[in-house]
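Coordinate analysis (summary)
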Amino acid sequence: MAESITKQYFPSQVAPDIEKVSQEYGLKVAKAIESEWFVRDGVTYRFANNQDSFHKLRMYARGEQSVQKYKDELSINGDMSYLNLDWKPVPIIPKFVDIVVNGIAERIYDVKAYSQDPYGVDKRTKYMEGLLIDMQNVEFDKQIQQFYGQSILQTPVNEIPENKEELELHMQLNYKQAVEIAEEQAINTLLTGNKYDLIKKRFYYDLAVLGIGAVKTGFNTSQGVTIDYVDPANLVWSYTSDPYFDDIYYVGEVKVIPINELAKQFPELTQQDLEEISGQSMRKAGYYNAHHEHDEIDKNQIQILYFNYKTYSKEVYKVKDTATGGSKVIVKDDSFNPIIDAELEARFGKLEKQIEVLYEGALILGTDKLLKWELAKNMMRSKSDYTKVKMNYNIVAPRMYKGKIESLVGRITGFADMIQLTHLKLQQVLSRMVPDGIFMDADGLAEIDLGNGTNYNPQEALNMFFQTGSIIGRSLTMDGDPNPGKVPIQEIQSGNGGGKLQSLIQTYNYYLQMIRDVTGLNEARDASTPDAKALVGIQKIAAANSNTATRHILKAGLFLSAEVCEALSLRISDIIEYSPTRDAFIQSIGAHNVATLEEMSELHLYDFGIFLELEPDEEEKQLLENNIQMALTQQSIELEDAIDLRVIKNVKLANQLLKIRRKKKQERDQELQQRNIEAQAKANGEAQQMASQAEVQKQQAITQMQTQLEQVKAQIASQKLQQEMQLKKELMAYEFQLNMQMQSKQDALADKKENLKEDRKDQRVKLQGDERRKSQNQAKKFESSGNDILGGGIDMSAFDPR
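The following refers to the structure shown. This structure is a prediction, so every number in the text was calculated from the model and none was measured.

Basis of the calculations
Residues numbered from 1 in each chain as written. Predicted model: local features only at pLDDT ≥ 70, side-chain atom pairs only at ≥ 80, totals over all residues. Heavy atoms only, no water. Pairing = 2+ DSSP bridges. Helix = DSSP H or I, 4+ residues; strand = E, 2+ residues; numbered from the N terminus. Axes fitted to C-alpha atoms, helices over the stretch in contact; angles between N-to-C directions. Contact = heavy atoms within 4.5 Å. Parallel < 35°, antiparallel > 145°, perpendicular 65-115°, else oblique. Left-handed = near helix turned anticlockwise from the far one by under 90°. Nonpolar A, V, L, I, M, F, W, Y, C, P; charged D, E, K, R; others polar. Salt bridge = Lys/Arg side-chain N within 4 Å of Asp/Glu carboxyl O. Buried < 20%, exposed > 50% of the residue type's maximum accessible area, 1.4 Å probe, protein only.

Considering the sheet that holds strand β2 (residues 213–220)
- With antiparallel pairing, 3 strands are arranged side by side in an open sheet as β3-β2-β12. Pairing within the sheet leaves two strands with one partner each, and these edge strands are β3 (224–229) and β12 (393–396). When the angles between neighbouring strand axes are averaged without regard to direction, this sheet yields 15°.
- The pairing of β2 with β12 spans 4 bridges and is antiparallel. Bridge assignment links Val-215 to a residue of β12, and that residue is Asn-394.
- Its contacts with the sheet place helix α11 (residues 196–209) against β2, β3 and β12, and it is angled at close to 30° to β3.

What to know about the packing of helix α26 (residues 639–647) against helix α27 (residues 651–759)
- Packing of α26 against α27 brings their axes to within 10 Å, and their N-to-C directions diverge by 170°. Judged by the inter-axis angle, α26 sits roughly antiparallel to α27. When you trace α26 past α27, the crossing you get is right-handed. Here α26 contributes Asp-641, Asp-644 and Leu-645 to the contact with α27, which in turn contributes Ala-654, Leu-657, Leu-658, Arg-661 and Arg-668.
- Looking at the contact of α26 with α27 residue by residue, the classes come out as 4 nonpolar, no polar and 4 charged.

A word on the pattern of salt bridges
- If you walk through the whole model with that rule in mind, you get 28 salt bridges.
- Residues Glu-625 and Arg-646 are paired through a salt bridge, measuring 2.9 Å at the closest nitrogen-oxygen approach. Separated by 21 residues along the polypeptide, Glu-625 in helix α25 (residues 618–633) and Arg-646 in helix α26 bring together distant segments of the chain.
- Of the residues examined, Glu-625 reaches a relative accessible area of 22% and is grouped as partly exposed.
- What makes Arg-646 partly exposed here is its relative accessible area of 39%.
- Note that Lys-728 is salt-bridged to Glu-724, the shortest N-O span being 3.1 Å. Highlighted residues: Lys-728 and Glu-724, both in helix α27, separated by 4 residues, approximately one helical turn.
- Given a relative accessible area of 14%, Lys-728 falls into the buried group.

Set out below in structure tokens:
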């Protein structure tokens, strides 16, 4: 068995380092690998078996599988002389393979570098602590700015998180160290330079068809860091049941190279060595690919096994106490033993550490010619665990169990064979089918007379039947007997293939549906026959379920990509620290961003964690877009928030940010509503105050107007009194003058009467007295009554003239 051969031929892992470095040890390792994979032991031949099975799967995936099994199925004792069929296979499987590979290979992801060394973690911690301090000092900063006009915050106010949840989201979305950006830029440049998109499509095809994919990374001074596609059919590896091949201790690849390439790769080979090697054909070795297209083997091509072998080595140091009281450390090999005698034991010590190491070898298969055996240069070691080493090959087989690999195509080859057999049977049935015929009774035609002097011959009967569908017949013969051929023409229904065709078509559809059921690639995935009555949402759910069925292929491919990016990260560190092409590499990476050059020169001081941020698929995008549209419809977020959310490729983080933006929008709306209420209340208060002030002003104006009116009234009254007093004064003066004139006239009259009285004194003394009294009693008064009284009750009658 191969397992017994492995135990017999592999050398011991506990051998000393000086033995492991020797060519003899390397040749034992190479021959042990050859024994396990290439030497026939009567039971297994692992390399040939892998190549045969992978070749068959690839032929099925191309729709070019061998048709010999179908010929054996349909032939009778190997005789196919009666079969005239098209043996070309029906290309059913290629359609499903293309659906899976093209759908997965188009998934876009971003390479993210996370600085996990103490220096990077310290910078991240200090940044977070600064944010926490700023979060606590926001309110205090407002007071400082109000009094002093200066800010004490280290972060702009609009970028400061409000709570712990926002802080965590800010650190994941917005915080990025310059050295991390430089690392991501370097990895993306190397991926682009090595055309990794094309390599990615090839190993995704292998994962779908073969169930295993592999990629190799390397470094040389001429090309720098390289990424190469590896054909799984040419791979060899130690036994493992781990789908990610983490526990293998050797891995190799068989390549067929010409002699000139061999001389270029190994310039130490002499002309004699090359002639000796070219004389050993691969056919003699018996390891050549059984599917070689040509019978003649080109002797200028050599089959070489390139392999990595993982073992461990001891780092031994001699610790010596110096005369000054210090200690001196000297590097030794693993055979060093410091104990010489009891007196010197106290002066010497020993330090040792076991680490994994990687040896690289190259063997010409079928010979004992070991072209290469040495410790690998630039071994990839993570700075977080220096004792571990990574191999140059990254392999994944997501559906492997106990070393047996299962693939998507391997599940459906049996159903594809049945579909092909059904297709061939359909050809057989079609080839044996005959059209419906016509039965014509000639005796029945002989008894018919058309009445125009002609007889009803068979040709004319057929013409009438095919053109009009009518038939002329007789129910009685010329003798009056019943005519058994009264319907001379009848159709013959062959019916020899319709039922078989329908049955075979159902069988064909059955096996096609079985392929869909086994692979999970339903009609919604390829949109071949969508149900017209099915709702769009149901179609999307069906497509999402189909994506779930093939997600293991996507995850396996992402694992390979992540491993490649991590290997590139470690090799970049080695290039910058050790390679003579360091400056040229830094310039090529930083050509588009000069600001990263300084950070690039210090990448070897950092240890990065590499992960891939996968862009969401259409279903995830639609779910996120539905959430965004719902939030926009409800006015829970702004349009700017929706733009920011659509840029985020991590759906989980996008939904978290959506929740935070909705919460902040609600808080802003509530604050705005509260401000509006306060503003409305303030406006109402101000309106009421203004109304009160207006009322007061109105009352003041009214009072003032009333006061002014009263003043005017008083003034008018005063003026009226003065005018009245003046008029009355004038009237009184006038009355006084009239009274004086009247008095003077009365006095004159009295004097006249006195004179008359004197003249008639004697005679009329008595009469004059009576007349005088009468005259005095009846004298008319010219003074106006009441006009002597002024305003205020002042009586001027006391001032009568005397």
